[in-house]
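Listed below, chain by chain, are the residues.
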Amino acid sequence: MNGLFQTARELTATALPVEFASLAPPPLLLPGEQLEHYQALQQAIFADLAPRSAIEWLLAIDVAELSWDIQRYRMLRHKLLETYRQKAVEAALRRIDMVGIDPEFEVEAETYTLQNALSWRCDPAAASEIDARLATYGFDQHAITAEVYVQAREVLVLFEGLLNAAQTKRMLLLREIRNQRFLNGPLRQSRV
């Protein structure tokens, strides 16, 4: 895996042997995920690792699943940050628009604030206007980003833990494949 990156044409098709197919059930995909993407990642990993034995195939299957989980965690973290960015814009708008509001109009003003934050996320023209308005009150993109990380800190810690755990497991599996090859390599076979 530390060699040169292979293009799609250079990757050799290393298909999962039929006798091991039951060991690699289809993944449970989340909405928006595609089986073809999983299979492409799995195929690339199989081609890169080129498993030689049943144990190596089992380890390669696990490496592919962990790699998919890592990609999934990264995408989910990205989507989470988008959601929290909207909440940060909402909080900044609340600080601007809700100051000095008569208590009888607070519910209506809160509704407009929520609608404006949603418009910021969905409508590029509204986003430009809202960003300019926020900037006039001192809420630049750095301030919004800081608010995102303050609001999302606990969930980001969760994702960081998931990513670290999956990456550690993947590295252990790759080491195990290396160890299997070393133990079954030419030196080991010549002694027997």
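This text follows the structure it describes.
Just so you know, these numbers come straight off a predicted model, no measurement behind them. Sequence positions are assigned chain by chain, starting from 1 and proceeding in written order. Note on the predicted model: pLDDT of at least 70 is required for a residue's local features to be given, and 80 or more for side-chain atom pairs to be given and counted; whole-chain, interface and lining totals, by contrast, use all residues. Water and hydrogen atoms were dropped before computing side-chain values, which therefore reflect all heavy atoms in the structure.

### What to know about the overall build of the chain
Step number 1: Helix and strand definitions here come from DSSP, where helices need a minimum of 4 consecutive H or I residues and strands a minimum of 2 consecutive E residues; each element is numbered from the N-terminal end. Scanning the chain from N- to C-terminus turns up six helices and zero strands.
Step number 2: Its helices and strands in sequence order give the chain the pattern α-α-α-α-α-α, from N to C terminus.
Step number 3: Exposed residues in this analysis have more than 50% of their type's maximum accessible area, buried residues have under 20%, and partly exposed residues fall in between, with area computed by a 1.4 Å probe over protein chains only. Put simply, the chain has 192 residues, and 30% of those count as buried.
Step number 4: Contacts were defined at the residue level, with two residues in contact if any of their heavy atoms lie within 4.5 Å. Within the chain, counting contacts between residues at least 6 apart in sequence, those at least 24 apart form 75% of the total.

### Section: the packing of aromatic side chains
Step number 1: Only the six-membered ring of Trp is used, alongside the rings of Phe and Tyr, when aromatic pairs are assigned; centres must lie within 6.5 Å, and planes under 30 degrees apart are stacked while those over 60 apart are edge-to-face, with the rest tilted. Applying the stated criterion across every chain yields a total of three aromatic pairs.
Step number 2: Aromatic pair Y38 and W68: ring centres 5.3 Å apart, planes at 85°, arrangement edge-to-face. On the criterion of sequence distance, the pair formed by Y38 in helix α1 (residues 35–49) and W68 in helix α2 (residues 54–97) is long-range, its members being 30 residues apart.
Step number 3: Where F46 meets W57, the ring centres are 5.0 Å apart and the plane angle is 80°; that geometry is what we call edge-to-face. Within this pair, whereas F46 is found in helix α1, its partner W57 is found in helix α2, the two being separated by 11 residues in sequence. Here the two residues F46 and W57 agree in accessibility, since each one is buried.

### Digging into the packing of α2 against helix α3 (residues 106–122)
The relative placement of two packed helices is expressed as an angle between their axes plus a distance between the axes.
Step number 1: Interhelical geometry of α2 versus α3 gives an angle of 140° and a closest axis separation of 9 Å. Taken together, the axes of α2 and α3 are oblique relative to one another. Crossing geometry of α2 relative to α3 is assigned as right-handed. Residues E82, T83, R85, Q86, V89, E90, L93, R94 and D97 of α2 touch α3, and the partners they reach there are E110, T113, L114, N116, A117, L118, W120 and R121.
Step number 2: Ten residue types, Ala, Val, Leu, Ile, Met, Phe, Trp, Tyr, Cys and Pro, are classed as nonpolar, four, Asp, Glu, Lys and Arg, as charged, and the remainder, Gly among them, as polar. Classifying every residue of the contact of α2 with α3 gives six nonpolar, four polar and seven charged. Between N-to-C directions, angles cover 0 to 180 degrees, with each direction set by a line fitted to C-alpha atoms, over the stretch in contact for helices. For classification purposes, angles smaller than 35 degrees are called roughly parallel, those larger than 145 roughly antiparallel, those between 65 and 115 roughly perpendicular, and all remaining angles oblique. Crossings are sorted by hand: turned counterclockwise from the far helix by less than a right angle, the near helix makes the crossing left-handed, and turned clockwise it makes it right-handed.

### Points about the environment of Q115
Step number 1: With respect to the secondary-structure elements, Q115 resides in helix α3.
Step number 2: Its relative accessible area of 43% is what places Q115 among the partly exposed residues.
Step number 3: Spatially, the C-alpha atoms of Q115 and E90 are 9.0 Å apart, while their sequence positions differ by 25 residues.

### Side note on the packing of α3 against helix α4 (residues 124–136)
Step number 1: Close contact between α3 and α4 brings their axes to 6 Å; oriented N to C, the two are set at 120°. As summarised for this structure, α3 and α4 are arranged oblique, according to the angle between their axes. Here the hand of the crossing between α3 and α4 comes out left-handed. Along the contact surface, α3 presents N116, S119, W120 and C122, while α4 presents P124, A126, A127, I130 and D131.
Step number 2: A class-by-class count of the residues in the contact of α3 with α4 yields six nonpolar, two polar and one charged.

### What about the side chain of E56?
Step number 1: Structurally, E56 is set in helix α2.
Step number 2: Sequence-distant contacts of E56, defined by excluding residues within four places in its chain, comprise A50, P51, I177, Q180 and R181.

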